[in-house]
Amino acid sequence: MYDYFQEIHSENFSKNFFWGVAMAAAQNEGAHNIYGKGLSIWDEYATKRGKIKHGHKHFVSSDFYHRYKNDLLLAKALGFNTFRFSFSWPRIMPEGTGKINREGLLFYHRVIDECLSLGLAPFITLYHWDLPATLEKEGGWTSHLMLRWFSRYVTVCAEEFGAKVKNWIILNEPFGFTSLGYLLARHAPGKRGLGNFFPAVHNAALCQAEGGRIIRKLVDNAYIGTSFSCSQIIPFSDRPEDVLAAARVDILFNRLFIEPTFGDGYPRDDFIFLEKLEIHNRAWKYRERLKFDFDFVGLQNYFPVVVKYNPIIPMLKASQVKAIKRNAPFTDMGWEISPSSFFNIIMQFWNYDKVKEIIITENGAFFKDRIVNGELKDDGRVAYFKQYLNALLQAKKQGANIKGYFVWTLTDNFEWSEGYQARFGLIHVDFETQLRTIKNSGYWFRDFLTPRT
Ligand code: GCO
């Protein structure tokens, strides 16, 4: 086998390491309008024409709500010891605030209990993009009331589940949902413009810190993190304008949400965007409230981004040079495959003095699976994981204190505006019949994670 396989097992790496699979409520649960659940912004967005490829909707998805026992058993059978999933806020509080849906709480109790009985450590994501639709009507993430609504929701979750669950992730990819949902109108709720983006960023950054404080106060021995999307940003050439363009993109993609947690506010480099953000949000008043000492930082990496100077793009003055244009390898999502950039971005985050521990809370790939003699062949995905895990081990060897690695994702699911055709699972789902079939990548993980005797 591979040398790193030996190394991982010989170092006792596996025993004290969270090997997980990750998923999210809106992408997996289904049961979108039953058992007392309120609608989310995605439930509304998916009904609008032309928003999601092929008109797909996530209303049933992989039906995790009814099939969680089976899916958790599969996660266990593949050798994982950790399960990351998110709470649906509108399942717990159908109107976002006020009334609590007991049935929703009971569902999550069942999932958590099943994890614990199987020996899967539960990691809860408090917010994975499915804001209650009623709150969006009041402005959603652009509203200064978000801090109050979110605090109440986090308090309910901590009080209800804190005795059982120790591992908490406050937000999933704040840059992702604020930029796609409130700047570019490519995700729910479909808003655009800086007038929406600036307050959404600030409210998300405040909720990120406040959520941490609430869990710290209410949950004994909590292990608290938050998850950032990240990508190594590589200048297309060493011309100064390309290097500066890359630095600006790096601020937005990688630095905007982590640096305020250190207590010194938003990054304050020479970049007009940051000045405007600061002024719009009167951010200097909030440095203390944006700060929180996270136990771990969750990193979610899929690809690097190569950028060059482009004067016609407002403010950023940069654009991406895609993998296909540079003859670099890429997945069926068009995302560049670059294990060295995975190593580099881990080290970039590790180089912050204040980062104590890192968990890779998502990594994975979409490749079109082929069925050959009844076997689900996904060689591309297997090769991807081998290379990325090798890079992870290199980062660990260089001193990065990495405590876990979670695959995105266990079963095929609803990939936001891409619908169901972008399949990231280790397990294939036939969305007509709900039949699960383990892909070769799933078997590969099982062999990788199950120490040989
Ligand atoms: C994300 C996501 C997942 C995606 C995955 C693949 O945070 O973007 O958490 O929901 O499905 O990244 O694109």
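Relevant structure appears above.
Residue numbering note: each chain is counted from 1, following its sequence as written. Side-chain atom pairs in this predicted model are given and counted only at pLDDT of 80 or more, local residue features only at pLDDT of at least 70, and totals for whole chains, interfaces and linings cover all residues. Values reported for side chains reflect all heavy atoms of the structure, with hydrogen atoms and water molecules removed beforehand.

A.B. asks: Talk me through the overall build of the protein chain; I want residue IDs and the actual numbers.
C.D. replies: What counts as a helix is a DSSP run of H or I of at least four residues, what counts as a strand is a run of E of at least two, and both are numbered from the N terminus. On a plain count of helices and strands, the protein chain comes out with 15 helices and 15 strands. For the radius of gyration, the atom set is restricted to C-alpha positions; the globular benchmark scales as 2.2 Å times the number of residues to the power 0.38. What you see for the protein chain is a C-alpha radius of gyration of 21 Å, in line with the 22 Å of a compact globule of 453 residues. Across its three principal directions, the C-alpha atoms of the protein chain cover 60 × 55 × 45 Å. We call two residues in contact whenever any of their non-hydrogen atoms come within 4.5 Å of each other. Within the protein chain, contacts between residues at least 6 apart in sequence are counted, and of these 76% link residues at least 24 apart. In the form shown here, the protein chain has an accessible surface area of approximately 18000 Å², with 51% of it arising from carbon and sulfur atoms. Mean positive and mean negative side-chain charge positions of the protein chain (56 and 48 charges, respectively) differ by 3 Å. Only the protein chains shown count as cover for residues, and all accessible areas are computed by the Shrake-Rupley method using a 1.4 Å probe. Positive charges are assigned to Lys and Arg, negative charges to Asp and Glu, while His and the chain termini are left out of the count. In plain terms, the charge of a residue is placed at NZ if it is Lys, CZ if Arg, CG if Asp and CD if Glu.

A.B. asks: Could you give me a rundown of the packing of aromatic side chains, with the residues and numbers involved?
C.D. replies: Only centres within 6.5 Å qualify two rings of Phe, Tyr or Trp (six-membered ring in Trp) as a pair; their planes then separate them into stacked at under 30 degrees, edge-to-face at over 60, and tilted for everything else. With the rule as written, the count across this model stands at 56 aromatic pairs. Note on Trp 141 and Phe 150: the rings are 6.2 Å apart at their centroids and 50° apart in plane angle, and the pair reads as tilted. Taking the relative accessible area as the measure of exposure, Trp 141 reaches 0% and is therefore buried. Aromatic ring contacts, followed pair by pair, group Phe 17, Trp 19, Phe 80, Phe 342, Tyr 384, Phe 385, Tyr 388, Tyr 405, Trp 444, Phe 445 and Phe 448 into a single cluster. Put simply, a charge is over a ring when the Lys NZ or the Arg CZ is close to the ring centre, within 6 Å, and near the line of the ring normal, within 35 degrees. A cation over a ring is seen here: Arg 91 above Phe 107, with NZ or CZ 5.8 Å from the ring centre. A cation over an aromatic ring shows up here: Lys 308 above the ring of Phe 236, its NZ or CZ 5.7 Å from the ring centre. Three labels apply to residues, based on accessible area from a 1.4 Å probe with only protein chains included: buried if under 20% of the type maximum, exposed if over 50%, partly exposed otherwise in between.

A.B. asks: Tell me about empty space enclosed by the protein, and please be specific about residues and values.
C.D. replies: Here a cavity denotes grid points, spaced 1 Å and computed from the protein atoms alone, that fit a 1.4 Å probe unable to get out, and a pocket denotes an open set having protein on both sides within 12 Å along at least 5 of 7 lines; residues with an atom within 4 Å of a point are the lining. Grid points are joined across faces, edges and corners, and a volume is the space filled by probe spheres set on the points. For the structure on display, the rule yields four cavities of 30 Å³ or more. Here the largest cavity defines a volume of roughly 70 Å³. In terms of lining residues, the largest cavity is bounded by Ala 25, Ala 26, Glu 29, Gly 30, His 32, Lys 37, Ser 40, Asp 43, His 58, Ser 88, Arg 91 and Asp 130. Charged residues are taken to be Asp, Glu, Lys and Arg, nonpolar residues to be Ala, Val, Leu, Ile, Met, Phe, Trp, Tyr, Cys and Pro, and polar residues to be all remaining types, Gly included. Partitioned by chemical class, the residues of the lining of the largest cavity number two nonpolar, five polar and five charged.

A.B. asks: Tell me about the nonpolar core, and please be specific about residues and values.
C.D. replies: Core analysis: the largest hydrophobic core is formed by 150 residues, its most contacted members being Phe 87, Trp 141, Trp 168, Tyr 405 and Phe 445. Top element by residues in this core is helix H10 (residues 194-218). It accounts for 11 residues. Side-chain atoms within 4.5 Å link the members of a nonpolar core, which is a set of buried Ala, Val, Leu, Ile, Met, Phe, Trp, Tyr and Cys residues.

A.B. asks: Break down helix H4 (residues 64-77) for me, with residues and values.
C.D. replies: A helix's residues, less one, multiplied by 1.5 Å, set its expected span. The end-to-end C-alpha separation of H4 is 17 Å, well short of the 20 Å expected for 14 residues at 1.5 Å each. Those residues of H4 that fall on the buried side of the exposure criterion are Phe 64, Tyr 65, Tyr 68, Asp 71, Leu 72, Leu 74 and Ala 75.

A.B. asks: Tell me what's going on with the state of the cysteines, and back it up with residues and numbers.
C.D. replies: Note: disulfide means a covalent bond formed between the sulfur atoms of two cysteine side chains. The rule for a disulfide is simple: a pair of cysteine sulfur atoms within 2.5 Å. Inspection of the entire model under this criterion finds zero disulfides. There is no disulfide at Cys 115, and the cysteine sulfur nearest it, in Cys 157, is 16 Å away.

A.B. asks: Pulling in residues and values, what's your account of the pairing of strand S14 (residues 427-430)?
C.D. replies: In the sheet, S14 pairs with strand S15 (residues 435-438) via four bridges, with the strands oriented antiparallel. Looking at the pairing, Val 429 lines up with Arg 436 of S15. What sits between S14 and S15 in their antiparallel hairpin is a turn of four residues, with Gln 434 showing a positive phi close to 70°. Only strands joined by at least two bridges in the DSSP assignment are considered to pair.

A.B. asks: Which residues make up the site of the ligand, and what values go with them?
C.D. replies: Contacts to the ligand come from 13 residues, most closely from Gln 27, His 128, Asn 172, Glu 362 and Glu 415. Measuring from an oxygen atom of the ligand, one finds a side-chain N or O atom of His 128 at 2.8 Å. Counted as a polar contact is a pair of N or O atoms within 3.5 Å, where, for protein atoms, one must be capable of donating a hydrogen and the other of accepting one, and residues adjacent in sequence contribute only when both atoms are in side chains. Here an oxygen atom of the ligand sits 2.6 Å away from a polar atom, N or O, in the side chain of Glu 415. About the coverage of the ligand: the protein hides 94% of its 310 Å² of free accessible area. Looking at the shell around the ligand residue by residue, the class counts come to six nonpolar, four polar and three charged. Proximity criterion: a residue is near a molecule or strand once any of its heavy atoms comes within 4 Å of it.

A.B. asks: Lay out the environment of Ala 246 with the relevant residues and their values.
C.D. replies: Within the element layout of this structure, Ala 246 appears in helix H11 (residues 240-255). On the basis of relative accessible area, Ala 246 is assigned to the buried category, the value being 5%. Distance in space between the C-alpha atoms of Ala 246 and Asn 81 is 38 Å, their sequence separation being 165 residues. Ignoring sequence-local partners within four residues, the contact set of Ala 246 consists of Ile 233, Ile 234, Pro 235 and Val 307.

A.B. asks: Go over the sheet that holds strand S13 (residues 402-408), please, and point to the residues and values.
C.D. replies: Around the barrel, eight strands lie side by side as S1-S2-S3-S4-S5-S7-S10-S13; this closed barrel has parallel pairing. Put simply, the sheet's adjacent strands are angled 25° from each other on average, direction ignored. Pairing of strand S5 (residues 223-229) with strand S7 (residues 296-300), which is carried by five bridges, proceeds in the parallel orientation. Considered in S7, the bridge of Gly 225 is made with Phe 296. Geometry is summarised by axes, namely lines fitted to C-alpha atoms with helices restricted to the contacting stretch, and by angles between N-to-C directions that run from 0 to 180 degrees. Packed onto the sheet, H10 meets strand S3 (121-127), strand S4 (167-172) and S5 and runs at close to 170° relative to S4. Packed onto the sheet, helix H13 (residues 339-350) meets S5, S7, strand S10 (358-362) and S13 and runs at close to 135° relative to S10.

A.B. asks: Any chance you could break down the sheet that holds strand S6 (residues 233-235) for me, citing the residues and the numbers?
C.D. replies: Ordered in space as S6-S8-S9, the three strands form an open sheet in which the pairing is mixed. Lying at the two open borders of the sheet, with one neighbouring strand each, are S6 and strand S9 (318-320). Taken pair by pair, the neighbouring strands of this sheet meet at an average axis angle of 40°, ignoring direction. When strand S8 (residues 305-309) meets S9, the two strands line up antiparallel, connected through three bridges. Note on S9: the bridge partner recorded for Lys 308 is Ser 319. The sheet strands contacting H11 are S6, S8 and S9, and the helix crosses S8 at an angle near 130°.

A.B. asks: Describe the packing of H10 against helix H12 (residues 272-281), listing the residues and the values that go with them.
C.D. replies: Between two packed helices, the angle of one axis relative to the other and the distance separating the axes together describe the packing. Where H10 meets H12, the axes come as close as 10 Å, and the angle between the chain directions of the two elements is 75°. Taken together, the axes of H10 and H12 are roughly perpendicular relative to one another. Contacts between H10 and H12 involve Leu 194, Phe 197, Phe 198, Pro 199, Val 201 and His 202 from the first element and Phe 273, Lys 276, Leu 277, His 280 and Asn 281 from the second. Among the residues making up the contact of H10 with H12, the classes are represented as seven nonpolar, three polar and one charged. Roughly parallel means an angle under 35 degrees; roughly antiparallel, over 145; roughly perpendicular, 65 to 115; everything else is oblique.

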